[in-house]
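# Observations on the model geometry
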Amino acid sequence: MCLTSPPYFRLRDYGGDGQLGLEYTVDDWAESVRDIAREVRRVLVPTGTLWLNLGDTYAMHPRQGARAKSLLLAPERVAKLLQEDGWILRNKIVWAKPNPMPSSVRGRLTAAHEVVYFFAKQPRYHFDLDAIRAPHTTTPARPRVSRSRHPPRQQDWRGPNANRTNGLAALQREGRVGHPLGKNPGDVWTIPTAPASGSHHAAFPCALAERCIQAGSPAARCRTCRSPWVRPVRRLGHTAVRLALQPQCGHPGPPEPGVVLDPFIGSGTTAVAAEELDRNWIGIELNPTYASEATQRIHGTRAA
């Protein structure tokens, strides 16, 4: 998988020749991010995914892409370009910040969220929902007993793209609140920002990186074909357990850890999270100061 947060449009100067982020217009910036995504797509395994953290900013002049003081919709521009390139956009995750950067503006609301786009390279990809399930917050109710063999029919107002509710109805009849391993955490993740640990002032928190990696990178994969090993779930009545990792191919030999790529590794958060979760990782950084500080941070994680 690839987990990365490239420089946002005209928000910081990282002091490197040819750096991303200081393009003349927001569309130029979006095209630059698109070029990076094309290279990521080239090196991803077929079941690989791209997790792209992006933030928005406001136009200072119409030539940047919108009227002055207007949001530029920079992340949306990137998402549209990547869809045109064939990426499958599975989720727009809202990273909600309970401790956002204070703002002195009086004519709008403080920006308290960013997005993480979850892209798949092909329709069949690795995604481990069970690894990131959240505890249920409701208690089981008594099973519903129908006294009629013909339950009343209700008007169905759902459109063709709406989710079906058959599974929910079955759970309610059985007195269960949901999946025994926990609930789907949804696409709004409330995670506090983390204080900077070095010269880099735009690092995302390790908790955010860990959740993406748990879902997107297999704990093990085949050394020959690189297909992910999976952890089947065994249902035991109203409970369930995750079994040991198992291969999906017939190649012999032990597996290797999944690999996480971050082409803008910055302060090293992606690598630190990958180390904590026993994944391999590859990081790329243009700024030598950030690269040196990230290396020291990663070595400190290994020593701990």
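The structure we're discussing is the one just above.
Residues numbered from 1 in each chain as written. Predicted model: local features only at pLDDT ≥ 70, side-chain atom pairs only at ≥ 80, totals over all residues. Heavy atoms only, no water.

Within the protein chain one finds six helices and nine strands. Counting only residues that meet the buried cut, the protein chain has 36% of its 304 residues in that class. Long-range contacts, defined as pairs at least 24 residues apart, comprise 67% of the intrachain contacts of the protein chain with a sequence gap of at least 6. Roughly 18100 Å² of accessible area belongs to the protein chain as shown, and the carbon and sulfur atoms make up 52% of that amount. (Helix = DSSP H or I, 4+ residues; strand = E, 2+ residues; numbered from the N terminus. Buried < 20%, exposed > 50% of the residue type's maximum accessible area, 1.4 Å probe, protein only. Contact = heavy atoms within 4.5 Å. Areas by Shrake-Rupley, 256 points an atom, 1.4 Å probe, with all protein chains shown as cover.)

Right, let's talk about the packing of helix H4 (residues 206-216) against helix H5 (residues 269-276) for a bit. Relative to each other, H4 and H5 sit at 55°, their axes nearing to 9 Å. Classified by the angle their axes make, H4 and H5 are oblique. For the element pair H4 and H5, the recorded crossing hand is right-handed. In this structure, H4 contributes Cys206, Ala209, Glu210 and Ile213 to the contact, and H5 contributes Thr269, Thr270, Val272, Ala273, Ala274 and Glu276. (Axes fitted to C-alpha atoms, helices over the stretch in contact; angles between N-to-C directions. Parallel < 35°, antiparallel > 145°, perpendicular 65-115°, else oblique. Left-handed = near helix turned anticlockwise from the far one by under 90°.)

The buried fraction of strand S4 (residues 113-120) amounts to seven of the eight residues, a majority that puts the element mostly inside the structure. Bridge count between strand S2 (residues 49-54) and S4: six bridges; the pairing is antiparallel. Within S4, the position partnered with Leu54 by the bridge is Val115. Relative to S4, strand S3 (residues 88-96) is paired through eight bridges, and the arrangement is antiparallel. (Pairing = 2+ DSSP bridges.)

Glancing now at unusual backbone geometry. Of note in this structure, Arg10 is not a glycine but carries a positive phi near 55°. One can find Arg10 in the loop between strand S1 (2-4) and helix H1 (26-43). A positive phi angle, close to 65°, is found at Arg226, a residue other than glycine. Residue placement: Arg226 occurs in the loop between H4 and strand S6 (233-236).

Below, the discussion takes up the state of the cysteines. Tallying each qualifying case throughout the model produces zero disulfides. With no disulfide of its own, Cys249 lies closest to Cys222 among cysteine sulfurs, the gap being 3.6 Å. (Disulfide = S-S within 2.5 Å.)

With respect to the secondary-structure elements, Leu50 resides in strand S2. For the pair Leu50 and Phe119, spaced 69 residues apart in sequence, the C-alpha separation works out to 5.0 Å.

This next bit is on H1. Spanning 18 residues, H1 covers 26 Å between terminal C-alpha atoms, matching the ideal 26 Å at 1.5 Å per step. Along H1, the residues that are buried comprise Val26, Trp29, Ala30, Val33, Arg34, Ala37 and Val40. Down the axis of H1, the smallest arc covering the buried residues is 145°, so these residues share one side. Check the buried side of H1 and you find it contacts S1, S2, helix H2 (74-84) and strand S8 (259-262). (Expected span 1.5 Å × (residues − 1). Arc of directions from axis to C-beta.)

Within the fold, Thr49 resides in strand S2. Looking at Thr49, the relative accessible area reads 0%, which means it is buried. A distance of 2.9 Å separates a polar atom in the side chain of Thr49 from a polar atom in the side chain of Trp51. Beyond its immediate chain neighbours, meaning those up to four positions away, Thr49 contacts Met1, Cys2, Leu44, Phe118, Phe119, Ala120, Tyr125, His126 and Gly216. (Polar contact = N/O pair within 3.5 Å; in protein donor to acceptor, adjacent residues only side chain to side chain.)

Attention now goes to the pattern of salt bridges. Tallied over the entire structure, the rule returns 14 salt bridges. Arg77 is the partner of Asp27 in a salt bridge, and the nearest nitrogen-oxygen pair spans 2.9 Å. Within this pair, whereas Asp27 is found in helix H1, its partner Arg77 is found in helix H2, the two being separated by 50 residues in sequence. Since its relative accessible area comes to 40%, Asp27 is described here as partly exposed. In this structure, Glu39 engages Arg42 in a salt bridge whose closest nitrogen and oxygen atoms are separated by 3.0 Å. You can see Glu39 and its partner Arg42 sitting in helix H1, three residues apart, about one turn around the helix. With a relative accessible area of 43%, Glu39 lands in the partly exposed category. (Salt bridge = Lys/Arg side-chain N within 4 Å of Asp/Glu carboxyl O.)

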